[in-house]
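Secondary and tertiary structure notes
Chain by chain, the residues:
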Amino acid sequence: MNIRISRLSILASLLFCVALAFSPASLAQSKPIRIGLVTFLSGPAAASLGIPARLAAEAIVGSLNSGSAPAPYAAKGFGGRKLELVFIDESGGAARQVAVLRALVSRKQVDFVVGYTGDGNCLAVAPVAEELRIITVLLDCGTPRIFEEASYRYVFRSRSHSTMDAVAGALYLSENRPGLKSLAGINQNYPWGRESWADFSAAMLSLNPDLAITTSQWAKFGSGNYAGEIEALGRSDSEVIFSSFWGDDLEAFTPQAMAKNLFSRSQLMLVAGEAHLGRLAGSIPDGSIVGARGTNGVFAPRSALQDWLRQIYFESARDVPNYPAYSMAQALLGLKSAYEKATEQIAPGTRQRNPGTDAIIAAFEYQSFDTPSGRVVMKLGRGHQAVTGTAYGTARTVNGRITIGNIKHYTAERVQPPEGVKSRDWINAGMNPGGWLSPRPSTR
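To start, this report covers the structure provided alongside it. Predicted model only: the values in this text are computed from it and were never measured.

When helices and strands are counted, the protein chain shows 15 helices and 15 strands. For a compact globule of 444 residues, the expected C-alpha radius of gyration is about 22 Å, and the protein chain comes in at 24 Å, within 12% of that figure. Its C-alpha atoms give the protein chain principal-axis dimensions of roughly 105 × 45 × 40 Å. In the protein chain, buried positions account for 55% of the 444 residues. Partitioning the intrachain contacts of the protein chain with sequence separation of at least 6 by distance along the chain shows that 69% fall at a separation of at least 24. About 18200 Å² of surface is accessible on the protein chain, with carbon and sulfur atoms providing 53% of the total. Placing the 44 positive and 36 negative side-chain charges of the protein chain at their respective mean positions leaves the two points 8 Å apart.

Here it is, written out as structure tokens:
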């Protein structure tokens, strides 16, 4: 009798364990988190930006899944749940990206979306992500319009917008060439190029009202041939030529311009040039001013996180990570930090195992977190837009490799507007850093 009861007790315990293992809560806990990862896998931005971003994503997720990342990211995956990446090519234009985003949510059933570099794509997908109620972390895209012209609940951007690049670049140039008399620009004819040049030229005129803007050249994205623009820049005889070129446009423009001896008379300034340093040795003249859209790459502070990213990226790519790789790290680590912070808020003893969307959003808003680029603070856009410091330096080619020297760092409050102030208005008003460090509001 006792033996029979014992057997029944053991069987009941086993059945209970099986039921528990296959309960909705347990299944949800063991199911991988699917992240839709959108970056340029083809086209003119793939080699220098999209492929490094993909390689970084694979390396970072592999390290997180194995639990080999340094503190404070040592926990496996997101809160113990493994991560699974679904890669999507960002090429094809904004209309395609909107359709693909809908498919990621409805058919691929992703839990989060991370990605987007092109300004037009970011502007197009942000309201759709809001409609679909999918937490979307914008990886890059420069335009400040995302959160200056709209308010989002489900959309975050884990890196600073392009006003930082323009203002820091103007400060660096003014500090290094205080007697500058003339400036020209060549930029891609779409939002990133137009906004970068407008912000930079406005910042330069704010610092130096007597500066002459000699010419503003606009190139079609992906043109590949810049003979007319180079001729116009040469005729302008400007002391400095500013460009926000990136991708294949930058890698085609610089050798064409050097062949015409354009930079024998004019100093080149590349606001987003760091991503291309390993590919343009011999095509970026000595003395060129280079930015990395933040303290990324050669500008990154030494830390365990920076050493970790460099190691895991090199193991995958056999190269050092450029700023798109650092941007990817900011996005994934920011999302992990928010997810795990929300997990900590789950009441002990409840059946809930994973944080809900609302809890993750609340944890992401206004959070600060460490990255290989340094500290990131979700400060603007009602806690949805990141701010960071940044840096610029001057390029020299040594033994066939481009090196960066004369590096100067700029704090976040020095190069970005405070909450509620549009970038252009802030620049035109003199770029006063006062008011940036306002407290977190008590309500949304």
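A word on the packing of helix H4 (residues 94-106) against helix H5 (residues 119-132). Relative orientation of the contacting elements H4 and H5 amounts to 30°, with a least axis distance of 9 Å. As the angle between them shows, H4 and H5 are arranged roughly parallel. In this structure, the crossing between H4 and H5 has a hand that is right-handed. Along the contact surface, H4 presents Ala 94, Gln 97, Val 98, Leu 101, Arg 102 and Val 105, while H5 presents Gly 120, Asn 121, Ala 124, Val 125, Val 128, Ala 129, Glu 131 and Leu 132. Across the contact of H4 with H5, the residue classes tally to nine nonpolar, three polar and two charged.

Rules behind the numbers
Residues numbered from 1 in each chain as written. Predicted model: local features only at pLDDT ≥ 70, side-chain atom pairs only at ≥ 80, totals over all residues. Heavy atoms only, no water. Helix = DSSP H or I, 4+ residues; strand = E, 2+ residues; numbered from the N terminus. Rg over C-alpha atoms; globule rule 2.2 N^0.38 Å. Buried < 20%, exposed > 50% of the residue type's maximum accessible area, 1.4 Å probe, protein only. Contact = heavy atoms within 4.5 Å. Areas by Shrake-Rupley, 256 points an atom, 1.4 Å probe, with all protein chains shown as cover. Lys, Arg positive; Asp, Glu negative; His and termini not counted. Charge placed at Lys NZ, Arg CZ, Asp CG, Glu CD. Axes fitted to C-alpha atoms, helices over the stretch in contact; angles between N-to-C directions. Parallel < 35°, antiparallel > 145°, perpendicular 65-115°, else oblique. Left-handed = near helix turned anticlockwise from the far one by under 90°. Nonpolar A, V, L, I, M, F, W, Y, C, P; charged D, E, K, R; others polar.

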